[in-house]
Amino acid sequence: MPFTSHIARVLCAALDYAPERADEIARLLGSPPDPAMGDLAFPCFQLAKTLRTAPPKIAAELAAAIPPDELIASAVASGPYVNIHLDRQEVARRVLGAVLADPEGYGGSRAGAGALVVLDFSAPNIAKPFHFGHLRSTNLGADLARILAFRGHPVLRKNYIGDWGTQFGFVIHAWQQWGEEELLRERAIDYLVELYVRAHRASEADPGVREQARELFLRLEQGDPQITALWQRFRELSLAGFMKTYQRLGIGFDNYDGEAAVNPLVEATIQRFVRAGLAEESEGALVVQVSGVLGREIAPLMLRKSDGASTYAARDCAEAIDRWERYAFAANIYVVSRQEDHFAQVFAALKLLAAAEQWPQPWPEACENVSFGYVRGMSTRKGEAVWLEDVLDEARDRARRIREAKSAANPRAFPGLSAAELDHVSESVGQAALLYFDVSSRRLSDISFDWDTVLQFEGNTGPYLQYSHARMCGIFRRAAEQGLGDGSTPPAQWPGALADEEWGLVMALRGFGAAVERAASEREPHEVARFLHGLASSYNAFYNNCIVIDPANPPTTQARLALVRASQAVLARGLALLGIRALETM
Ligand code: ARG
């Protein structure tokens, strides 16, 4: 934030502070409640204590001591605040210059270079339903991966597939009872989930089924070749299904090793807990007492069940150690909801082991669980949403119907599209509606899904952002027809005083890097969404009040085209961070 640091340095000088204190001053800077009062506000309450003077008096003296310069137009005291008006023309020149000099990189940084982040996200379970929660994890995780990479971090995308555990006992049991080759070939994962559900139901009526499932899983753990071959086949079928969905969303991972891959390391890890004196027996099971380790009460972590089967928690402990040995991460983030207790147990147990074995690096402290709220109200034609693929299909089909209705009602604003264009627009708008919905609130809030709301072209929606982008592109098409260029050259100087709406848009653009920084440090993609919504709103205020292409006024036309170009570049970059396609026509 070069402007803020400039202002902070000026304030430092006016206060007779050492220049090193500029950061401390910069943190106090805010914005006035009403933009007419100024662009930045400096509160004098804190100084009042050290200076033993009333805040309004300090504000008045300080305002008088701030000379206008190339960035500061004026400084005026208002009660206990100093309000600063920036030089609009100069700031506009600099902001547009910065965006247009590097449209792809503006807002990013190299701050994270060298600090590798492992992001564990999506991680669906094979032969169990792909819950809607997995979409949110997939989406938030992919957003965080892009945001952290934009901040310069090397990012390792990890899909820790749920391909081990007692659920396989159920599926294999069901397969042995009722399995039909034909159906498996036709319907793959759908069929596996049906089998799983069927076995689960049967176990409710007949406890013997659970017993058999448990035994089958133990045989799998012991490496029984027949059972292993079945498992292998189910795993591959499921993975192929997941891959189709990831491809559709344009999401990739660097590593798909799941719970099964870590299994060979689990016993040795359990033995380390035993040797360190951290494991104890409890009702036939092997547990680690972790209460109090993270400063609160946590139930014990179970390393092994009483029947000898390994646990999800033991696998996560072994896998985290392996992860550290492979990647020496600066941060290890699990984007998983409603497993707070599980991750607290794992991190606490690792912390105990670190102390007992005197690890040179306290890396368990770099492990984080990024949790998120629950999505209510999602259902599709096929009923309650189990498969992400069905949700994406429904979003696409609904988007298509909306586009067709708009075209029928207003053919000038929504001219007919070719079949291929309509396909592309429907798929992109459908995805935008779903993906943006997930980040339209902070991640920990529970959210209620409603098809009609998320697909609207106005309001806090993905399609609204896409539509704003498409309208910007429409302006460039008109400018090109009239030989006016494409707005990619910033004006050497702004041709006159900036209108309030132009200024609002410049100030919005200026905030991109700070929004990305907050999104990265708070692990909160919503910060990018919120920024983009603000940017689109500022743009629409500008668009409604300022004529961009004005043949009578070439310099203004050029300056405004550059402003639209900068807005389009930042909007497109921000949408890309959220995995949303920026459309040229809609
Ligand atoms: N497969 C798990 C589930 O669906 C999520 C796995 C998250 N990652 C981890 N390392 N535990 O609940």
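Residues numbered from 1 in each chain as written. Predicted model: local features only at pLDDT ≥ 70, side-chain atom pairs only at ≥ 80, totals over all residues. Heavy atoms only, no water.

Engineer: Quick rundown of the overall build of the protein? Include the residues and the values.
Structural biologist: Scanning the protein from N- to C-terminus turns up 21 helices and 14 strands. For the protein, the spread of C-alpha atoms along the principal axes amounts to about 80 × 65 × 35 Å. Considering the protein as a whole, with its 586 residues, one finds that 52% of them fall into the buried category. Taking the intrachain contacts of the protein between residues at least 6 apart in sequence as the baseline, contacts between residues at least 24 apart amount to 73%. Summed over all atoms, the accessible surface of the protein reaches about 25800 Å², with 50% contributed by carbon and sulfur. Taking the average place of the 60 positive charges on the side chains of the protein and the average place of its 73 negative ones, the gap between the two points comes to 2 Å. (Helix = DSSP H or I, 4+ residues; strand = E, 2+ residues; numbered from the N terminus. Buried < 20%, exposed > 50% of the residue type's maximum accessible area, 1.4 Å probe, protein only. Contact = heavy atoms within 4.5 Å. Areas by Shrake-Rupley, 256 points an atom, 1.4 Å probe, with all protein chains shown as cover. Lys, Arg positive; Asp, Glu negative; His and termini not counted. Charge placed at Lys NZ, Arg CZ, Asp CG, Glu CD.)

Engineer: Residue-level account of the site of the ligand, with values.
Structural biologist: Neighbouring the ligand are Asp120, Ala123, Asn125, His134, Tyr160, Tyr312, Asp316, Tyr334, Val336, Gln339 and Phe343. Here a nitrogen atom of the ligand sits 2.9 Å away from a polar atom, N or O, in the main chain of Ala123. Between the ligand and the protein, one listed contact pairs a nitrogen atom with a side-chain N or O atom of Asp316 at 2.7 Å. Notes on the ligand: free accessible area 350 Å², of which the protein chains cover 91%. Here the shell around the ligand is composed, by residue class, of 6 nonpolar, 3 polar and 2 charged. (Near = heavy atom within 4 Å. Polar contact = N/O pair within 3.5 Å; in protein donor to acceptor, adjacent residues only side chain to side chain. Nonpolar A, V, L, I, M, F, W, Y, C, P; charged D, E, K, R; others polar.)

Engineer: Can you explain the sheet that holds strand S7 (residues 285–288)? Please cite residues and give values.
Structural biologist: Pairing within the open sheet is antiparallel, and its 3 strands lie in the order S6-S7-S8. Since the sheet does not close on itself, it has two edges, and those belong to strand S6 (279–282) and strand S8 (301–304), each with one partner. Taking each pair of neighbouring strands and ignoring which way they run, the sheet shows an average axis angle of 45°. Where S6 lies against S7, 4 bridges are found, and the strand directions are antiparallel. Counted as the bridge partner of Ser282 is Ala285 from S7. (Pairing = 2+ DSSP bridges. Axes fitted to C-alpha atoms, helices over the stretch in contact; angles between N-to-C directions.)

Engineer: Explain unusual backbone geometry residue by residue, including any values.
Structural biologist: Notably, Gln358 is not glycine yet its phi reads approximately 50°, a positive angle. Mapped onto the elements of the fold, Gln358 is located in the loop between helix H13 (340–357) and strand S10 (367–370). Since its relative accessible area comes to 68%, Gln358 is described here as exposed.

Engineer: I'd love a proper account of the pairing of strand S1 (residues 40–43), names of residues and values included.
Structural biologist: Side chains Leu40 and Phe42 project from S1 onto one buried face, and the interleaved Ala41 and Pro43 project onto a second face that is buried too. Where S1 and strand S3 (residues 81–86) come together, 4 bridges link them in antiparallel fashion. Residue pairing across strands places Pro43 opposite Tyr81, the latter belonging to S3.

Engineer: Mind laying out the pairing of strand S2 (residues 72–78), listing which residues take part and the relevant values?
Structural biologist: Here 6 bridges tie S2 to S3, and the two strands are oriented antiparallel to one another. From the neighbouring strand, Ser78 faces S3, where its bridge partner is Tyr81. Taken together, S2 and the strand that follows it, S3, pair antiparallel across an intervening segment of 2 residues, in which Gly79 is found at a positive phi of about 60°.

Engineer: Kindly report on the sheet that holds S1, identifying the contributing residues and their values.
Structural biologist: Across the sheet, 3 strands lie side by side as S1-S3-S2; this open sheet has antiparallel pairing. Two strands lie at the open edges of the sheet, namely S1 and S2, each paired on one side alone. Taking the axes of each pair of neighbouring strands and ignoring which way they run, one obtains an average angle of 20° across the sheet. Here helix H4 (residues 55–64) sits on the sheet in contact with S1, S2 and S3, set at roughly 160° to S2.

Engineer: Go over the packing of helix H5 (residues 88–101) against helix H18 (residues 500–510), please, and point to the residues and values.
Structural biologist: In the contact formed by H5 and H18, the axes pass within 10 Å of each other and the chain directions differ by 45°. Between H5 and H18, the crossing angle belongs to the class labelled oblique. Seen along the crossing, H5 lies across H18 with a hand that is left-handed. Facing H5, whose interface residues are Arg88, Val91, Ala92, Val95 and Leu96, H18 presents Asp500, Trp503, Val506, Leu509 and Arg510. Residues belonging to the contact of H5 with H18 are distributed by class as follows: 7 nonpolar, no polar and 3 charged. (Parallel < 35°, antiparallel > 145°, perpendicular 65-115°, else oblique. Left-handed = near helix turned anticlockwise from the far one by under 90°.)

Engineer: Which residues make up the packing of H18 against helix H20 (residues 526–545), and what values do they have?
Structural biologist: Relative to each other, H18 and H20 sit at 160°, their axes nearing to 8 Å. Relative to H20, the element H18 is oriented roughly antiparallel. Considering how the two elements wind past one another, H18 and H20 form a crossing that is left-handed. Contact with H18, carried on its side by Glu501, Glu502, Gly504, Leu505, Ala508 and Leu509, involves Phe531, Leu535, Ser538, Tyr539, Ala541, Phe542 and Asn545 of H20 and no other residues of that element. Of the residues in the contact of H18 with H20, the class split is 8 nonpolar, 3 polar and 2 charged.

Engineer: Which residues make up the pattern of salt bridges, and what values go with them?
Structural biologist: Proximity of charged atoms lets side chains of opposite charge pair with each other. Applying the stated criterion to the full structure yields 37 salt bridges. Put simply, Arg93 and Glu90 hold a salt bridge, and the shortest N to O gap is 3.1 Å. Of this pair, Arg93 and Glu90 both sit in helix H5, 3 residues apart, which is roughly one turn of that helix. We note a salt bridge from Arg560 to Glu502, for which the minimum N-O separation is 2.7 Å. Of this pair, Arg560 sits in helix H21 (residues 554–577) while Glu502 sits in helix H18, placing them 58 residues apart in sequence. The pair formed by Arg560 and Glu502 is uniform in burial state, with each residue classed as buried. Salt bridges linked by common partners bring Arg248, Glu389, Asp393, Arg396, Asp397 and Glu427 together as one network. (Salt bridge = Lys/Arg side-chain N within 4 Å of Asp/Glu carboxyl O.)

Engineer: Describe helix H7 (residues 167–178), naming the residues involved and giving the relevant values.
Structural biologist: Here H7 is 12 residues long and its end C-alpha atoms lie 16 Å apart, about the 16 Å a rise of 1.5 Å per residue gives. Tucked into the core, H7 has its buried residues touching helix H8 (181–205), helix H9 (207–221) and helix H10 (225–249). (Expected span 1.5 Å × (residues − 1).)

Engineer: Can you lay out the nonpolar core for me, pointing to particular residues and giving the numbers?
Structural biologist: Membership of the largest hydrophobic core comes to 159 residues, with the highest contact counts inside it found for Phe42, Val82, Leu119, Phe242 and Val335. Sequence-distant contacts of Leu119, defined by excluding residues within four places in its chain, comprise Gly141, Leu144, Ala145, Leu148, Val155, Leu156, Arg157, Lys158, Ile333 and Val335. Counting residues in each nonpolar core, the second largest holds 38 residues, with Leu301, Val346, Leu350 and Ala366 among its members. (Core = buried A, V, L, I, M, F, W, Y, C linked by side-chain atoms within 4.5 Å.)

Engineer: I'd love a proper account of the side chain of Ser468, names of residues and values included.
Structural biologist: Within the fold, Ser468 resides in helix H17 (residues 462–481). Not counting chain neighbours up to four residues away, the residues in contact with Ser468 comprise Ala536, Tyr539, Asn540 and Leu571.

Engineer: Before we move on, could you go through the packing of aromatic side chains and cite the residues and values that matter?
Structural biologist: Evaluated as defined, the whole model comprises 25 aromatic pairs. Aromatic side chains Trp175 and Phe234 sit 5.8 Å apart centroid to centroid with 80° between the ring planes, which places their arrangement in the edge-to-face category. Of the two residues, Trp175 sits in helix H7 while Phe234 sits in helix H10, which places them 59 residues apart along the sequence. Seen from their ring centres, Phe449 and Trp451 are 4.9 Å apart, and the 85° between their planes marks the pair as edge-to-face. Judged by relative accessible area, Phe449 falls into the buried class, the value being 7%. Counting every residue linked through ring pairs, the aromatic cluster contains Tyr106, Phe150, Phe512 and Phe531. The ring centre of Trp178 lies 4.1 Å from the NZ or CZ of Arg198, which sits over that ring. One residue, Arg573, lies across the ring of Phe150, its end atom 4.2 Å from the ring centre. (Phe/Tyr/Trp six-rings, centres within 6.5 Å; stacked < 30°, edge-to-face > 60°. Lys NZ or Arg CZ within 6 Å of the ring centre and 35° of its normal.)

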